[in-house]
Amino acid sequence: MDGRTLAEKLNYTGMERAVRKLAIDEKLAPVEQIAVMPELEVCNLVAKDFEMVYAEPENIGLVRRDDLSEYSRLVKVISR
């Protein structure tokens, strides 16, 4: 996943705020930088450490890249 893919899934203002909060909570960059970054740059920053595992209109699931193998081991997908 790249930042543009994540940015395209942000359907609501609250989702953009949540991505910024995630970047701050995970200390991906100093708060002062994140506060003035455009949405796409914040998404690129998050995409370096996280992988999108699902995206619905109101929810996006992100997993740390370090934990992706464990996530894949635990989740079983059933589709048609």
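You'll find the structure just up there.
Described in the following lines is the structure provided in the data block.

What counts, and at which threshold
- Residues numbered from 1 in each chain as written.
- Predicted model: local features only at pLDDT ≥ 70, side-chain atom pairs only at ≥ 80, totals over all residues.
- Heavy atoms only, no water.
- Helix = DSSP H or I, 4+ residues; strand = E, 2+ residues; numbered from the N terminus.
- Buried < 20%, exposed > 50% of the residue type's maximum accessible area, 1.4 Å probe, protein only.
- Polar contact = N/O pair within 3.5 Å; in protein donor to acceptor, adjacent residues only side chain to side chain.
- Contact = heavy atoms within 4.5 Å.
- Expected span 1.5 Å × (residues − 1).
- Arc of directions from axis to C-beta.

## Some points on the side chain of R20
In step 1: Inspection of the secondary structure assignment puts R20 in helix α2 (residues 13-25).
In step 2: Taking relative accessible area as the criterion, R20 reaches 18% and is therefore assigned buried.
In step 3: From its side chain, R20 meets the backbone oxygen of M37 in a polar contact 2.7 Å long.
In step 4: Once residues lying within four places of it in the same chain are set aside, the contact partners of R20 are I34, A35, M37, P38, E39 and V42.

## What to know about α2
In step 1: With 13 residues, α2 extends 18 Å between its outermost C-alpha atoms, agreeing within 8% with the 18 Å of an ideal straight helix rising 1.5 Å per residue.
In step 2: Within the span of α2, buried status applies to M15, V19, R20 and A23. Looking straight down α2, one finds its buried side chains confined to an arc of 140°; they lie on one side. Turned more than 90 degrees away from the buried face of α2, the exposed residues are T13, R17 and K21.
In step 3: Against α1 (3-9), α3 (31-36), α4 (39-49) and β2 (60-64) lie the buried residues of α2.

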